[in-house]
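So the chains spell out like this:
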Amino acid sequence: MILRHIKYFLAVAKHQSFTQAAASLYVSQPALSQQIKQLEETLGAPLFDRSGRRVKLTHAGEVYARYAHKALQDLEEGQRAIHDVQNLSRGALRIAITPTFTTYLIGPLIKAFHDRYPNVTLSVQEMSQEQMEKQLLNDEFDVGIAFADVKSADIEAQTLLIETLALVVNKNHPLAKRQAIDVQTLSEQELVLLSHEFVTRGQIERYWRQHDIQPKVLMEANSLSAVIEIVRNTQLSTLLPSNIVSNRDELIAIALAPSLLQRTAVLLQRKGAYQSAANKAFIGLAHQHCEQNYISNDKD
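Calculation criteria
- Residues numbered from 1 in each chain as written.
- Predicted model: local features only at pLDDT ≥ 70, side-chain atom pairs only at ≥ 80, totals over all residues.
- Heavy atoms only, no water.
- Helix = DSSP H or I, 4+ residues; strand = E, 2+ residues; numbered from the N terminus.
- Contact = heavy atoms within 4.5 Å.
- Salt bridge = Lys/Arg side-chain N within 4 Å of Asp/Glu carboxyl O.
- Buried < 20%, exposed > 50% of the residue type's maximum accessible area, 1.4 Å probe, protein only.
- Expected span 1.5 Å × (residues − 1).
- Pairing = 2+ DSSP bridges.

1. Things to note about the environment of Tyr-117
Item 1. Counting through the fold element by element, Tyr-117 comes out in the loop between helix H5 (106–116) and strand S4 (120–126).
Item 2. Dropping the residues within four chain positions of it, Tyr-117 is found in contact with Leu-88 and Ala-281.

2. Things to note about the pattern of salt bridges
Item 1. Scanning the model with the defined rule gives eleven salt bridges in all.
Item 2. With a shortest N-O distance of 3.1 Å, Arg-50 and Glu-40 are connected by a salt bridge. On the criterion of sequence distance, the pair formed by Arg-50 in the loop between strand S1 (48–49) and strand S2 (56–57) and Glu-40 in helix H3 (residues 29–43) is long-range, its members being ten residues apart.
Item 3. Salt-bridge contacts for Glu-130 lead to Lys-134; the nearest nitrogen and oxygen are separated by 3.9 Å. Residue Glu-130 and its partner Lys-134 are both found in helix H6 (residues 129–137); the two are separated by four residues, about one turn of the helix.
Item 4. Relative accessible area serves as the criterion here: at 47%, Lys-134 is assigned to the partly exposed category.
Item 5. Here the residues in one salt-bridge network are Arg-94, Asp-139 and Asp-142, joined through shared partners.

3. Here we look at helix H8 (residues 199–210)
Each turn of an α-helix holds 3.6 residues, which means side chains three or four residues apart point in the same direction.
Item 1. With twelve residues, H8 extends 17 Å between its outermost C-alpha atoms, agreeing within 8% with the 16 Å of an ideal straight helix rising 1.5 Å per residue.
Item 2. Every buried residue belonging to H8 is among Thr-200, Arg-201, Gln-203, Ile-204, Glu-205, Tyr-207 and Trp-208, and all of these are buried.
Item 3. Positive phi appears at Asp-212, one or two residues downstream of H8, with a value of about 55°.

4. Quick word on the pairing of strand S12 (residues 261–270)
Item 1. Of all ten residues in S12, eight are buried; the element is thus mostly enclosed.
Item 2. Examined bridge by bridge, strand S5 (residues 143–147) and S12 share four bridges and lie antiparallel to one another. Note on S12: the bridge partner recorded for Gly-144 is Leu-268.
Item 3. Summarising the sheet, strand S6 (residues 155–170) and S12 pair through ten bridges and their orientation is antiparallel. The residue bridging Ile-162 from the neighbouring strand is Thr-264, located in S12.

The structure is reproduced here in structure tokens:
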């Protein structure tokens, strides 16, 4: 049995189709079918039920799939370990982030990392936390930046910073000169918010329930940049991390008092995952960057 058999088997299991699996692997369908047949003969059991419109795993196939997936994951980690260079003269790192961090954290952090380790290749993707956890478990990313409410027991989280959300308005808004507002004033504002697929929206709604706020949500958007543009060009306000306005002179962050709206940002990794030199360096730099630029601001 060779690695190719495992990859072919998992592709067919994923796509539930020999045709689609062959296309994803850039091989012919007859060649793929032959490899799967050889694997089944080696194992002495049929792995797929081919009788329906979609190919399905047999009971034996379901059992084998669990071990095959883990074996492939371990082999790929081993390959990265071989190519990992401790002095970071080369290497690669795969990073996942939730959307609100794109606007103020990830740019300066990536710049700092690239300035120190210019030969390390970075792949950065933005996604929901739910999707991030799934892909971390599948070894599709090395590290993620998200929030503390982790769903999977196989994901470990390191606290990165405590983030404070504020009422964000444009500089011409009637409240723009206020330093802080109370809950009653917040409940009177007309808002544009991120839609419900964002973790941020759930955190905001929990805050509302805690303080018995009846919000006036006039608009929603599934894009952070869209929310920011609407706030820039209308009298609507929003609730976002106060750090978002740091490089935007046209926006003002107004604190919520006396009860702050805070959340914990974390670094996520799969438990037991291989720690490359690039991964260790990025995590260390992320903690250093946040301690120097954000944590002290939240305490002031």
